[in-house]
Amino acid sequence: MPCKLLNLCEYETHKLVRIQSARLGSLKWTFNGVILMFICIVMFWNKEYQEHDYVVSSVTAKVKGVAMTSLPDVGDIVWDVVDYSGPSQGKNSFFVVTNVIVTKNQRQGKCPEVPPYGKVCWTDKDCVKGFWEQNSHGVQTGACVKFDVKQKTCEVSTWCPIETKKTPPKPALLASAENFTVLIKNNIRFPNFNFIRRNILPEMTDSYLKHCQFNRRTDPWCPIFRLGDIVQEARENFSEMAVEGGVIGIQIKWDCNLDGFLRNCLPKYSFRRLDEKESNRTLSPGLNLRFARYQTEKGVGERTLFKAFGIRFDVMVFGKAGKFSIIQLIIYIGSTLSYYALTTLFIDWLIGTSCFSKEARQNYSEKKVESVQDRQQCILCVSFVDENHIRVVKRSHRKSLQQVKPMSVHPFKDDIRHLSAMAGVLQKGHSIDKQPQALPRPSCPAWCLCGCCLPSTHPQEQLCCRMSRGRCITTSSLFEQLVLSRPLLEAVLLYREPLCELTEGEQWTTAMRHCAYNQYITWRFGAPPRESLPVIPSCSVWRIREEYSSQDGEYTGMRPRRTTSPQSSPNT
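Chains are numbered independently. Their residues run from 1 in the order of the written sequence. Totals for whole chains, interfaces and linings use all residues, but because this is a predicted model, local features are given only for residues with pLDDT of at least 70 and pairs of side-chain atoms are given and counted only at 80 or more. Based on all heavy atoms of the structure, the side-chain values leave hydrogens and waters out of the count.

Regarding the protein, the relevant UniProt record gives this comment under Catalytic activity (unreviewed entry): "Ca(2+)(in) = Ca(2+)(out)". UniProt positions are given in the numbering used here, feature names are shortened, and annotations may be inferred rather than shown by experiment. The record held by UniProt for the protein lists under Function (unreviewed entry) the comment "Receptor for ATP that acts as a ligand-gated ion channel."

Enquirer: Would you explain the overall build of the protein in this entry?
Expert: A count of helices and strands for the protein gives 13 helices and 19 strands. Think of it in three bands: residues with accessible area under 20% of the maximum for their type are buried, residues over 50% are exposed, and the middle band is partly exposed, with areas taken using a 1.4 Å probe on protein chains only. Taken over 572 residues, the protein has a buried fraction of 39%. Pairs at least 24 apart in sequence give 67% of the contacts found in the protein among residues at least 6 apart. For every accessible area listed, the method is Shrake-Rupley and the probe measures 1.4 Å; residues are considered covered only by the protein chains on display. Carbon and sulfur atoms make up 54% of the accessible area of the protein, which totals about 34300 Å². What counts as a helix is a DSSP run of H or I of at least four residues, what counts as a strand is a run of E of at least two, and both are numbered from the N terminus. When checking whether two residues touch, look at their non-hydrogen atoms; a contact exists if any pair is within 4.5 Å.

Enquirer: Hey, could you run me through the packing of aromatic side chains in this one?
Expert: Two descriptors summarise a pair of aromatic rings, namely the distance from one centre to the other and the angle between the planes of the rings. In summary, the pairing rule links any two rings of Phe, Tyr or Trp, Trp by its six-membered ring, whose centres are within 6.5 Å, and it sorts them by plane angle into stacked for under 30 degrees, edge-to-face for over 60 and tilted for everything else. This structure, assessed with the given rule, holds 20 aromatic pairs. Considering the side-chain rings of Phe 31 and Phe 346, the 5.1 Å spacing of their centres and the 0° angle between planes classify their relative orientation as stacked. With Phe 31 in helix H1 (residues 22-45) and Phe 346 in helix H7 (residues 341-351), this residue pair connects regions lying 315 residues apart in the sequence. Owing to a relative accessible area of 27%, Phe 31 belongs among the partly exposed residues under this scheme. When the ring of Phe 479 is compared with that of Trp 523, the centres are 6.4 Å apart and the planes differ by 55°; the resulting orientation is tilted. Placement of the pair is Phe 479 in helix H10 (residues 477-484) and Trp 523 in helix H12 (residues 506-525), with a sequence separation of 44 residues. Among the residues examined, Trp 523 registers a relative accessible area of 17% and is labelled buried.

Enquirer: Sorry, what's going on with H1 here?
Expert: Three- or four-residue spacings in an α-helix give side chains the same orientation, since the helix completes a turn every 3.6 residues. Here H1 is 24 residues long and its end C-alpha atoms lie 34 Å apart, about the 34 Å a rise of 1.5 Å per residue gives. Taken together, the buried positions of H1 are Leu 24, Asn 32, Ile 35, Ile 39 and Met 43. Residues of H1 that are buried make contact with helix H6 (326-336) and H7. Positive phi shows up at Lys 47, right after H1, with a value of about 50°. What a helix should span is 1.5 Å times the count of its residues minus one.

Enquirer: In this structure, what is going on with a nonpolar patch on the surface? I would like to understand it.
Expert: Nonpolar side chains (Val, Leu, Ile, Met, Phe, Trp, Tyr) are joined into patches within 5 Å and like charges within 9 Å, using only residues with over 30% relative accessible area and no salt bridge. Think of a salt bridge as a Lys or Arg side-chain nitrogen and an Asp or Glu carboxyl oxygen that are within 4 Å of each other. Together, Phe 324, Ile 326, Ile 327, Ile 330 and Ile 331 make up a nonpolar patch on the protein surface, roughly 520 Å² of accessible area in all. Ranked by residues supplied to the nonpolar patch, first place goes to H6 with four residues. Examined against the element boundaries, Ile 330 turns out to sit in helix H6.

Enquirer: Help me understand the UniProt feature "transmembrane region" (unreviewed entry) in the protein in this model?
Expert: Here, UniProt's "transmembrane region" (unreviewed entry) annotation points to residues 29-45 and 329-351. In the segment residues 29-45, helix accounts for 100% and strand for 0%; the C-alpha atoms at its two ends are 24 Å apart. Spanning residues 329-351, this segment combines 83% helix with 0% strand, and its end C-alpha atoms are found 35 Å apart.

Enquirer: For this particular structure, what's the right way to read the packing of H10 against H12?
Expert: Helix packing for two helices is described by the angle between their axes and how far apart those axes are. To obtain each axis, a line is fitted to C-alpha atoms, and for helices this fit is confined to the stretch in contact; angles are then taken between N-to-C directions over 0 to 180 degrees. Between H10 and H12, whose axes approach to 8 Å, the crossing angle comes to 125°. Classed by the angle they form, the pair H10 and H12 counts as oblique. Counting all contacts with H10, which are made through Leu 478, Phe 479, Leu 482 and Val 483, the residues of H12 involved are Ala 516, Gln 519, Tyr 520 and Trp 523. Across the contact of H10 with H12, the residue classes break down as seven nonpolar, one polar and no charged. Throughout, the term roughly parallel applies to angles under 35 degrees, roughly antiparallel to angles over 145, roughly perpendicular to angles from 65 to 115, and oblique to all others. Classification convention: Asp, Glu, Lys, Arg as charged; Ala, Val, Leu, Ile, Met, Phe, Trp, Tyr, Cys, Pro as nonpolar; all other residues, Gly among them, as polar.

Enquirer: When you look at unusual backbone geometry in this model, what are you seeing that I'm missing?
Expert: Peptide bonds are trans in most cases, and residues, glycine excluded, mostly fall at negative phi. Following Cys 160, the chain continues into Pro 161 via a peptide bond in cis, with omega recorded as 0°. If you trace the backbone, Pro 161 turns up in the loop between strand S8 (152-160) and strand S9 (181-190). Omega for the bond connecting Lys 170 with Pro 171 falls within 30 degrees of zero, at -5°, which places this linkage in the cis form. In the Ramachandran plot, Asn 105 falls in the positive-phi region, its phi being about 50° despite a non-glycine side chain. The residue Asn 105 is located in strand S5 (residues 93-112) in this model.

Enquirer: Could you clarify how one ought to interpret the sheet that holds strand S16 (residues 379-383) in this entry?
Expert: Each strand in a sheet pairs with its neighbour through backbone hydrogen bonds, running either in the same direction (parallel) or in the opposite one (antiparallel). Strand pairing is defined by DSSP finding a minimum of two bridges between the two strands. Spatially, the four strands line up as an open sheet ordered S18-S17-S16-S19, and their pairing is mixed. Looking at strand neighbours, the two that pair on one side only are strand S18 (408-411) and strand S19 (533-534), the edges of this open sheet. Bridging between S16 and S19 involves two bridges; their strand directions are parallel. Of the residues in S19, the one forming a bridge with Leu 380 is Leu 533. Sheet contacts for H12: S16, strand S17 (389-394) and S19; angle to S16, the most-contacted strand, approximately 75°.

Enquirer: In this structure, what is going on with the nonpolar core? I would like to understand it.
Expert: Soluble, globular proteins show a tendency: their nonpolar side chains are buried together. Take the buried residues of types Ala, Val, Leu, Ile, Met, Phe, Trp, Tyr and Cys, join any two whose side-chain atoms come within 4.5 Å, and each joined set is a nonpolar core. Counting residues in each nonpolar core, the largest one holds 53 residues, and the members touching the most others are Phe 94, Val 96, Phe 190, Leu 227, Ile 230 and Phe 313. The element that contributes the greatest number of residues to this core is strand S15 (residues 300-324), accounting for seven residues. Leaving out residues up to four positions away in the same chain, Ile 230 has contacts with Val 182, Phe 225, Ile 248, Ile 250, Phe 271 and Phe 313. Counting residues in each nonpolar core, the second largest holds 36 residues, with Cys 450, Cys 464, Cys 472 and Tyr 548 among its members.

Here it is in structure tokens:
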């Protein structure tokens, strides 16, 4: 459609087809009801009517507990929160030592490197002064010294003696750490709603916090957790995990509803192990770190090195708050209206199946679908006297129309008004006594099967009235009465144009010839399929031209133009 300013004042809408059927009507409303129920369930379940905001939070943790261990060559050591917390593990994390390897009385000096990190040597030439590797404990001095009775290694400058024990003790030295507790304080905020809350709920008192301990069933909101319970909730064994350490995730989820009397905003805790213990059995399993305690002995600086194995707890906070919003409700309703198109798709599919008769399916299809052909194509329709249907074919520039395969086949539809008019004219005596006569042609083309067609160089005009050999339609008495009868054609012309003057001459002959073409189309095609051009067989065209011939003997032939009325003739 061309773009014009007046188009802005136009309105376009869809064309609907209404089917009067109780079965389809009941099915439609049932299906629409199911869709409405689904939309409502999803809306209330997912709170699609709410505007949402995501949590902003901060976390602090305070661990409490005391343990005593007996270390070889060290003796009994009491571990409090300062000892077993280790170095800071960063934001929202805390670390608890559960096992340890101790190397006492280390001093700055020179000592042989420990295999396999130290290079095995034979002479001083095998060692390079100042050299060090990623896994070395110190810097080489260039000397090759005895490590034990069997081998020598390069000497290094480092803290001596070097740590030699690699395997952590079993069972873990601080296995009693499972009875330690941790207070997790989580402050959250939803900026869009200016809503602030923390996991220490307003109704909790100081005396309550002194005695409460998290329990999934009896006290699910207490912010104080026993470490053994946390590991157990993560489906792990604390005694086994304490040997080499690991990482546990503490997840706090806030799912808040801020709507009036439905207001609810409580934390939900869950726990899981974050490191993959199975796949890491051969690749540095668990979690460990080193720290030292320094002292001075007789004016010489010393240190005690601790290789600590432990469990790191990472606190992760997730949350979303929702509050009613009319805009979100409108957006959701608008987005779900498209679901009702499923009803149309389902019923259209149902009509196209064997649940309905072939006639009902074809009738519905014709009412619902209006085909519009490409203007560059020419769709033709042909009718053979030995077939009771109409063929729709595409025009071919190479193959004769007689041999073109049909695109589709349509049942013949009578034009009731035309039949009534013709019956009235014939009843008034407009019939002839002329006997039908055969018109065999001396040189019949190969595509002709009735023996009465004339050759043509145009493929669209190479059409016979039959698909199999037999009698020509022009020999039928009805052809003479309905197509060639002068009184009938004059009556038809007067019926269409009551005030026209029927005077002999070239104009009168042309009008009679065109009227005969239209009579044949209405007789043999009835109401042709939409967007198709009916084609008259060659034998019928030439029989009409013999009866109402042009004075100069010139005819334009078939004009392959689009027609919308069965009265439009493609021949002149």
